[in-house]
Amino acid sequence: RVKVEFNRRHTGPSFPPAPLPQLGPLVDAGQIQAVYVQAERCPSRCSAHGMCMQDRGSLANPPRCRCLQGWTGPSCEVSIPTVCINDCNGRGQCDRGFCRCEAGYWG
């Protein structure tokens with residue numbers, strides 16, 4: 001048998017924040033349209049599902065999130081389902097995570 005004890009006052013080790021990697025600019029047709037900036041500058045740090053970016057042409061506008069595939073919303077907080085549970089039991093079509101049931105079926 002192993003006895004495990006926890007010290008409730010200990011909050012764990014403290015580490016300095018890791019440096020952010022240098023991210024390249026977003027390029028469109030050879031022109032730099034936006035640059036990636038620190039996640040702290042975007043709403044909810046893009047919910048860890050996107051990258052924070054600043055429009056190069058209008059730095060007065062606030063930074064915005066560029067969501068990863070499968071995520072949407074101002075802070076990439078909304079998941080876009082792509083599969084349906086049980087493949088709609090073979091009685092419907094899957095449409096972005098929702099079953100469109102055949103006539104006579106529901107659920």
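Please read these numbers as outputs of a predicted model, since none were measured by experiment.

Caption draft 1: Geometry of the overall build of the chain. Counting its secondary structure elements, the chain contains zero helices and eight strands. Walking the chain from its N terminus toward its C terminus, one meets helices and strands in the order β-β-β-β-β-β-β-β. Counting only residues that meet the buried cut, the chain has 14% of its 107 residues in that class. When contacts within the chain are restricted to residue pairs at least 6 apart in sequence, those whose partners lie at least 24 apart make up 15%. Total accessible area computed for the chain in this model is approximately 9200 Å², and 53% of it derives from carbon and sulfur atoms.

Caption draft 2: The side chain of serine 75, seen in detail. Mapping serine 75 onto the fold places it in the loop between β5 (71-72) and β6 (78-79). Within the structure, the side chain of serine 75 is placed 2.9 Å from the side chain of glutamate 77, a separation counted as a polar contact.

Caption draft 3: Spatial organisation of the nonpolar core. Judged by nonpolar contacts, Val37, Cys42, Cys46, Cys52, Cys65 and Cys76 together constitute the single largest core of six residues. Residues contacting cysteine 52, with those up to four places away along its chain left out, are Val35, Tyr36, Val37, Gln38, Ala39, Arg41, Cys42, Cys46, Pro63 and Arg64.

Caption draft 4: Layout of the state of the cysteines. Summed over the entire model, instances satisfying the criterion amount to five disulfides. At a sulfur-sulfur separation of 2.2 Å, the disulfide partner of cysteine 46 is cysteine 65. Between cysteine 46 and cysteine 65, the disulfide has an S-S torsion of -95 degrees and is therefore left-handed. Separated by 19 residues along the polypeptide, cysteine 46 in the loop between β2 (31-36) and β3 (50-55) and cysteine 65 in strand β4 (residues 64-67) bring together distant segments of the chain. Taking relative accessible area as the criterion, cysteine 65 reaches 12% and is therefore assigned buried.

Procedures and definitions
Residues numbered from 1 in each chain as written. Predicted model: local features only at pLDDT ≥ 70, side-chain atom pairs only at ≥ 80, totals over all residues. Heavy atoms only, no water. Helix = DSSP H or I, 4+ residues; strand = E, 2+ residues; numbered from the N terminus. Buried < 20%, exposed > 50% of the residue type's maximum accessible area, 1.4 Å probe, protein only. Contact = heavy atoms within 4.5 Å. Areas by Shrake-Rupley, 256 points an atom, 1.4 Å probe, with all protein chains shown as cover. Polar contact = N/O pair within 3.5 Å; in protein donor to acceptor, adjacent residues only side chain to side chain. Core = buried A, V, L, I, M, F, W, Y, C linked by side-chain atoms within 4.5 Å. Disulfide = S-S within 2.5 Å.

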